[in-house]
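# Chain and residue survey
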Amino acid sequence: MHFLHVVGARPNFMKAAPVLRAIQSRPYARQSLIHTGQHYDANMSDVFFRQLRIPVPDVNLGIGSGSHAKQTADIMIGLEEVIIDRKPDVVLVYGDVNSTAAAALVCAKLNIKVAHVEAGLRSMDRTMPEEINRIVTDHLADILFTPSVDGDQNLAKEGVESNKVHRVGNVMIDSLVELLPAARAIPRNGLPGRYALVTLHRPSNVDDTSRLCEIIQTLADVSSDLPVVFPVHPRTRQKLASIDANLSLLQILDPLPYIEFVALEERAAVVITDSGGIQEETTYLGVPCLTMRENTERPITVDLGTNTLVGTDGTALRREVDRILAGHGKKGKIPPLWDGHTGERIAECLCGPSIAGPYRQERHP
Ligand code: UD1
């Protein structure tokens, strides 16, 4: 059976790596890897391939940046040719980025089976481009791998047949479990004893100038109690360059490789973020996380984990930072099936009798 994986943006890479490896060890399985090129800087892509031991992609479409319509359309055009040429049995897509939805659309029109890894998440906020990508992908997918029970519930509410849905756990945690020892071996190299780690890249936080200025001011306030370490995403860096913000109180860094970032995350007193995956990683690591959003598609990190939504209000953020500094941060628990073996469960499902069986019979009767 031929499995073709489509990845494109930074958060896809740590999700695909464990699945690629788990399928690799299965008999009858052949794999191709296509990189759409949605993310292209070495520190947003290549370094993740190296650290996560992902094979060099068979094809890189080199699509790059653009408006949502242009980027999605370019990915579709490039991918259609590759899929027609390679004729995979199943295409695996990951997460909620434009590459994910574009690939699902191409495959649905070519009648190729799509498996969505990280299905069922919903923020219920359709102003987020990722929410549109999640809905489109889930409704086109034939096989849906959910990380937690809320994913199954969302899909059931939207009428997705339950026999397509497989709760396998959180595949991003597989990469975290695997590379945590390497992260722990990284020297502290002049890091402050206690610090807040910040990541911000959501259009809702960084694309609006006055919102971004307010956030920077709040972070500068926080830095009077706790040093702020801020690896800056390219989208955010571009926006910061166009406004008159005083960044001198913050420790600004370039985007970090995966292992170096996990090391910073695990040692932080608090993580302040608007990322999805970081809400999950901090829950696994038991580090308090303050999410600068009004909603999350990962509610289990709030209900069970260490995550608190602080919205867009700087006062709430300050209050929560003070609580954490006073030793009252959320302790949290690791959700079920976030155990480092999700990739294997996905491979078992794809290569086992229910999905691969009928293919094998068709080809080797
Ligand atoms: C994308 C995903 C988002 C994910 C994020 C992780 C969508 C809709 N958004 O957002 O869900 O959380 O990736 O990083 O798919 N740029 C570079 N170098 C790069 C990549 C991007 O400089 O390697 C700059 C470009 O100016 C680009 C901007 O960053 O215009 C935004 O990139 P894009 O891929 O459109 O969206 P992200 O904000 O990265």
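These notes cover the structure that comes with them. (Residues numbered from 1 in each chain as written. Predicted model: local features only at pLDDT ≥ 70, side-chain atom pairs only at ≥ 80, totals over all residues. Heavy atoms only, no water.)

## A few points about the pairing of strand β5 (residues 113-117)
Going by this rule: Here the term buried applies to any residue with accessible area under 20% of the maximum for its type, exposed to any over 50%, and partly exposed to those in between, with areas from a 1.4 Å probe on protein chains only. Helix and strand assignments come from DSSP, with helices taken as H or I runs of at least 4 residues and strands as E runs of at least 2, each series counted from the N terminus. One bridge is not enough; two strands pair if DSSP finds at least two bridges between them. Here, the term right-handed applies to a crossover whose path from the first strand over the helix to the second runs clockwise when the strands point away from the viewer.
Burial analysis of β5 places four of its five residues in the buried class, which makes it a mostly covered element. Bridge count for strand β4 (residues 90-94) against β5 is five bridges, and the pairing is parallel. The residue of β5 that forms the bridge with Leu92 is Ala115. As for the winding sense of the linkage, the β-α-β connection from β4 through helix α4 (residues 98-109) to β5 is right-handed. Where β5 lies against strand β6 (residues 143-146), three bridges are found, and the strand directions are parallel. By the bridge assignment, Ala115 is partnered in β6 with Ile143. On the question of chirality, the crossover connecting β5 to the parallel β6 by way of helix α5 (residues 129-140) is right-handed.

## Here we look at the packing of aromatic side chains
Heads up, the condition is: For this analysis, a ring pair means two rings from Phe, Tyr or Trp (six-membered ring only for Trp) whose centres lie within 6.5 Å, classed as stacked if their planes differ by under 30 degrees, edge-to-face if by over 60, and tilted for the remaining angles.
Within this structure, the stated rule accounts for two aromatic pairs. Centroid distance Phe13 to Phe48: 6.4 Å. Interplanar angle 45 degrees. Geometry classified as tilted. Here Phe13 is found in helix α1 (residues 10-24), whereas its partner Phe48 is found in helix α2 (residues 46-51), with 35 residues between them in sequence. Considered together, Phe13 and Phe48 belong to a single accessibility category, that of buried residues.

## Points about helix α6 (residues 149-157)
Structurally, the α-helix is built with 3.6 residues per turn, so residues lying three or four positions apart point the same way. By the burial criterion, the buried members of α6 are Asp150, Gly151, Asp152, Asn154 and Leu155. A positive phi of about 85 degrees marks Gly159, the residue just after α6.

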